[in-house]
Amino acid sequence: MQLTYMRQLLAQKQQQSLYRAEAVTEPLPGGRLRATVDGITRQYLNFSGNDYLGLSADSQLRQIYADAALCYGAASTGSPLVTGYHPVHQALTDELCEWLGVDDVLLLSSGFAANQAMLQALVGEQDLLLLDKLCHASMIDAAMHKPHFQRFLHNDLQSLSQRLSKAQQPCVIATEGVFSMDGDSPDLAMLVKTAGETPVLLDDAHGIGVQGAEGAGSWAAQGLKAQHFQCLMANFGKALAAQGGFLAGSSDVIDFIRQQARHYIYSTALSPALSVLIRATVQRVRTEQWRRDKLQENIATFRALASDSHLPLLASHSAIQPVMMASSEVALAVSQRLKEQGIWVSAIRPPTVPTARLRVTLSAAHQVEDLQVLIGTLQQALQEANV
Ligand SMILES: Cc1ncc(COP(=O)(O)O)c(C=O)c1O
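Here's a quick rundown of the structure.

Cut-offs used in this document
- Residues numbered from 1 in each chain as written.
- Predicted model: local features only at pLDDT ≥ 70, side-chain atom pairs only at ≥ 80, totals over all residues.
- Heavy atoms only, no water.
- Near = heavy atom within 4 Å.
- Polar contact = N/O pair within 3.5 Å; in protein donor to acceptor, adjacent residues only side chain to side chain.
- Helix = DSSP H or I, 4+ residues; strand = E, 2+ residues; numbered from the N terminus.
- Pairing = 2+ DSSP bridges.
- Contact = heavy atoms within 4.5 Å.
- Axes fitted to C-alpha atoms, helices over the stretch in contact; angles between N-to-C directions.
- Buried < 20%, exposed > 50% of the residue type's maximum accessible area, 1.4 Å probe, protein only.
- Right-handed = clockwise from strand over helix to strand, strands pointing away.
- Arc of directions from axis to C-beta.
- Salt bridge = Lys/Arg side-chain N within 4 Å of Asp/Glu carboxyl O.
- Core = buried A, V, L, I, M, F, W, Y, C linked by side-chain atoms within 4.5 Å.
- Phe/Tyr/Trp six-rings, centres within 6.5 Å; stacked < 30°, edge-to-face > 60°.
- Lys NZ or Arg CZ within 6 Å of the ring centre and 35° of its normal.

Turning our eyes to something else, we now look at the site of the ligand. The ligand sits among 15 residues. The nearest are Gly111, Phe112, Asp203, His206 and Lys238. Between the ligand and the protein, one listed contact pairs an oxygen atom with a side-chain N or O atom of asparagine 235 at 3.0 Å. In this structure, lysine 238 approaches the ligand through a side-chain N or O atom, which is 3.0 Å from an oxygen atom. Breaking the shell around the ligand down by element, the ones donating at least two residues are helix H4 (111-122) and strand S9 (231-235). If you tally residues by element for the shell around the ligand, the top one is H4, at 3 residues.

What follows is the structure, given as structure tokens:
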């Protein structure tokens, strides 16, 4: 690509307020973060992270990770099918199988890679892939490589059913347990019923750890079993407060992906120390129901306070609570105003989402007072933005 083109594009992004850059931030206990903005470092209330259960700053888990780094090191030294699959990977795989009630699991370097691997392997050349319109970029990108792919209306079973009945070829359905930008969920029992014999693939990145008995996920919360899905995908970077992703399912399905998925075969295995940490975290997540209860309490409190203040919320009952904004400019201005008041909430704008919003994410680490401060400041910021 020509450098002149790159410079033009960068300038255009700046002009259109679409230029993206990393903010230098550091998570702190208690749902806070430290950030340096315009050369000034200060603490903020963090309503933008995915640490739904508040485990990222847990000192016991950090100690386990440090001990594992000493014992096993950071390097897996190879891809899983060469020399990268260690006893600690086996132990994590077994733990995940028992937790979710599946036969087998594949560990991948990220949730993004896991989604790519899942769709690469499980959607054949002749299949028609039916994807919910709001599915994550990792699924959309994988879908773009498929010869036959359609998107059905978001969480709309009628739209799905119409496409299924019109299809001239075998179909595969892919959706999410909790949608990352709207925070809502499909009616999974009805979706599985609508699908009938058609395989359903579920991305549960935002459901795992947070919903269902022992935090098994959105499908468990809706009374389903892992076997209702041909494959489950989730990641370790959100409620599980680590990094990486995985695919889970029956022996046949996982073995098939193992043979086919280039993201698995040709990529360095997860760090052994990280695998030890994730296993310990899963054990904590399973037993510490109080974290899920606290998060649910925070979600209910946030929604009650927001409704009293007439804030425009979506119908989400998850930790993701979007507050809708009149425009991208308003979203940016309000987010900026909140930052000045020590509150970190990202503005999410088109093309990432169809309509601009502040994407508030809640954690078990937040206290009621934090939510009160957020709502009060948000109300004031909206008034100042003349909304
Ligand atoms: C729904 C969903 N799927 C997949 C991913 C990708 O996971 P990871 O960040 O582990 O690559 C994310 C988040 O980032 C997500 O929100």
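On to the pairing of strand S1 (residues 24-28). Inspection of the sheet shows S1 paired to strand S2 (residues 32-37) by 5 bridges, in the antiparallel sense. Across the sheet, leucine 28 pairs through a bridge with arginine 32, a residue of S2.

To continue, consider the sheet that holds strand S14 (residues 357-361). Taken together, 3 strands build an open sheet; the order of strands is S11-S14-S13 and the sheet is antiparallel. In the strand order of this sheet, the two ends are held by strand S11 (320-324) and strand S13 (347-348), each with one partner. Strand direction decides the pairing type here: S11 and S14, joined by 5 bridges, are antiparallel. Looking at S14, one finds that glutamine 321 is bridged to valine 360. Set on the sheet, helix H13 (residues 328-340) makes contact with S13 and S14; between it and S14 the angle comes to about 40°.

By the criterion of burial, strand S7 (residues 171-176) is predominantly enclosed, with 6 of the 6 residues buried. Burial along S7 is two-sided: the face carrying Cys171, Ile173 and Thr175 and the face carrying Val172, Ala174 and Glu176 are both buried. Where strand S5 (residues 128-132) meets S7, 4 bridges bridge the pair, whose relative direction is parallel. Counted as the bridge partner of leucine 128 is cysteine 171 from S7. Regarding topology, helix H7 (residues 188-195) serves as the crossover connection from S7 to the parallel strand S8 (residues 200-203), and that connection is right-handed.

Moving on to helix H9 (residues 251-260). For H9, the set of buried residues is Val253, Ile254, Ile257 and Arg258. Looking straight down H9, one finds its buried side chains confined to an arc of 140°; they lie on one side. More than 90 degrees from the buried face of H9, the exposed residues found are Asp252 and Gln259. On its buried face, H9 is in contact with strand S4 (104-108), H4, S9, strand S10 (245-249) and helix H10 (262-265).

If you trace the 4 strands from one edge of the open sheet to the other, you get S1-S2-S3-S12, paired in mixed fashion. A strand with exactly one partner marks an edge of an open sheet, and here the two such strands are S1 and strand S12 (343-344). Pairing analysis gives 6 bridges linking S2 to strand S3 (residues 40-46), with the strands arranged antiparallel. Residue pairing across strands places arginine 32 opposite leucine 45, the latter belonging to S3.

Attention now goes to the pattern of salt bridges. For the coordinates displayed, the defined rule picks out 15 salt bridges. Aspartate 58 is paired through a salt bridge with arginine 284; the nearest N and O atoms lie 2.7 Å apart. One end of the pair, aspartate 58, is in the loop between S3 and helix H2 (59-72); the other, arginine 284, is in helix H11 (residues 272-287), with 226 residues separating them in the sequence. Arginine 284 carries the same exposure label as aspartate 58, and that label is buried. Among the ionic pairs, arginine 279 bridges to glutamate 95, the shortest N-O distance being 3.3 Å.

So, on to the nonpolar core. Of all hydrophobic cores here, the largest spans 76 residues; its most connected members are Trp219 and Phe246. Apart from residues no more than four positions distant in its own chain, phenylalanine 246 is found in contact with Leu96, Leu100, Val105, Leu106, Leu107, Leu108, Ala114, Ile208, Leu232, Met233, Ala234 and Phe236. Of all hydrophobic cores here, the second largest spans 28 residues; its members include Ala142, Phe179, Cys231 and Tyr264.

Right, let's get into the side chain of serine 318. With respect to the element layout, serine 318 can be found in the loop between helix H12 (289-308) and S11. Judged by relative accessible area, serine 318 falls into the buried class, the value being 5%. Side-chain polar atoms of serine 318 contact the backbone nitrogen of isoleucine 320, separated by 3.1 Å.

Attention shifts here to the packing of aromatic side chains. In total, this model carries 2 aromatic pairs according to the counting rule given. An angle of 80° between the planes, with centres 4.9 Å apart, marks the rings of tyrosine 44 and tryptophan 344 as edge-to-face. Here the residue tyrosine 44 occupies a position in strand S3, and tryptophan 344 occupies one in strand S12, the gap between them amounting to 300 residues. Residue classification places tyrosine 44 among the buried positions, given a relative accessible area of 4%. Measuring from centroid to centroid gives 5.4 Å for phenylalanine 236 and phenylalanine 246, while their planes differ by 25°, and the two rings are stacked. With a gap of 10 residues between them, phenylalanine 236 in the loop between S9 and S10 and phenylalanine 246 in strand S10 connect regions that are remote in the sequence. The pair formed by phenylalanine 236 and phenylalanine 246 is uniform in burial state, with each residue classed as buried. Here the basic side chain of lysine 339 rests over the ring of tryptophan 344, its NZ or CZ set 4.2 Å away from the ring centre.

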